[in-house]
Amino acid sequence: MNTSTEIEYPVSELIKLRRSRRAFSDREVEPDKIKSLFEAARWAPSSMNEQPWSYIYATKNQPELYAKIFDSLMEGNQIWVKDAPLLVVSLARRNFIRNEKENQSAIYDMGGANAFLSLQATELGLNVHQMGGYEKDKIMVNLNVPDAYRVGVVMAIGYVGDPAQLPGGLKEREEAPRTRIVQQEFVMNKAF
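The residue numbers shown here count from 1 along each chain, following its written sequence. Where local features are concerned, this predicted model is filtered to residues with pLDDT of at least 70; where side-chain atom pairs are given and counted, the filter is 80 or more; whole-chain, interface and lining totals use all residues. As a rule here, side-chain values come from all non-hydrogen atoms in the structure, and water together with hydrogens is ignored.

1. So, the packing of aromatic side chains
To pair, rings of Phe, Tyr and Trp, with the six-membered ring standing in for Trp, must have centres within 6.5 Å; the planes then decide the type, stacked if under 30 degrees apart, edge-to-face if over 60, and tilted in the middle. On inspection of all chains with the given rule, the structure shows 4 aromatic pairs. Taking the centre distance of 6.4 Å and the plane angle of 15° together, the rings of Phe-24 and Trp-80 count as stacked. Of this pair, Phe-24 sits in the loop between helix 1 (13-17) and helix 2 (31-42) while Trp-80 is found in helix 4 (residues 75-81), placing the two residues 56 residues apart along the sequence. The pair Phe-24 / Trp-80 is uniform in exposure class, with both members buried. Only runs of H or I of at least four residues qualify as helices and only runs of E of at least two qualify as strands under DSSP, and these elements are numbered from the N terminus. Here the term buried applies to any residue with accessible area under 20% of the maximum for its type, exposed to any over 50%, and partly exposed to those in between, with areas from a 1.4 Å probe on protein chains only.

In structure tokens, the structure reads:
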């Protein structure tokens, strides 16, 4: 796969600035900014306007709830997430409310809401790092999540910290240029 560090075509400044940093400062995320993140998610598009996403969040000022989320993360994520002042679990409701049929777009729609949340975070000077490295069963039990929901990603959110605080190879990864697969590798104007 060919990759590049260059943005090849015009995109929003927020997209240019968005990164998934691992180094967080200990500065708290202000309550109004937390509400702004979820307001951005609220306005994401969804199939049949179902808005199947839900979020459970905890700040470090809520140590019991924070620990329930943190403890479900894989050890490799816990190493750096420990400094994040805000943890968010994204969830998708499996079925449509209107008819209880399976919503096959729920995970996609939740991902769109997460993207809106991430771009709003960038606008507010915050960093979001989304993680799939968690124990699904543990998070379901720890947060008492009903079977009607699927867990999406867990997000560590806060202000960017000093990469020097990261252990070993994580510091180098933090400081490395952001690369992306070039369009020619994933965009087609023909059938497979």
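On we go from here.
2. A few points about the sheet that holds strand 2 (residues 53-59)
Pairing between sheet strands relies on hydrogen bonds along the backbone, with the strands arranged either parallel or antiparallel. Strand order in the open sheet formed by 4 strands is 2-3-5-4, and the pairing between neighbours is antiparallel. Of all strands in the sheet, those bounded by a partner on one side alone are strand 2 and strand 4 (127-131). Strand-to-strand twist in this sheet, taken as the mean axis angle between neighbours without regard to direction, amounts to 25°. The pairing of strand 2 with strand 3 (residues 86-93) spans 7 bridges and is classified as antiparallel. Looking across to strand 3, one finds that Tyr-57 is bridged to Val-88. The strands touched by helix 3 (residues 63-70) within the sheet are strand 2, strand 3 and strand 5 (149-158), with strand 2 carrying the most contacts at an inclination of about 120°. Strands are labelled as partners when DSSP assigns at least two bridges between them. To obtain each axis, a line is fitted to C-alpha atoms, and for helices this fit is confined to the stretch in contact; angles are then taken between N-to-C directions over 0 to 180 degrees. Whether two residues are in contact is decided by their heavy atoms, any of which lying within 4.5 Å being enough.

3. Quick look at the pattern of salt bridges
One side-chain nitrogen of Lys or Arg within 4 Å of one carboxyl oxygen of Asp or Glu is enough to make a salt bridge. Considering all chains together, one arrives at 8 salt bridges under this definition. A salt bridge links Glu-39 to Arg-42; its shortest N-O distance comes to 2.6 Å. Of this pair, Glu-39 and Arg-42 both sit in helix 2, 3 residues apart, which is roughly one turn of that helix. On the basis of relative accessibility, which here comes to 36%, the residue Glu-39 falls in the partly exposed class. For Asp-83, the salt bridge goes to Lys-82, with nearest N and O atoms at 3.1 Å.

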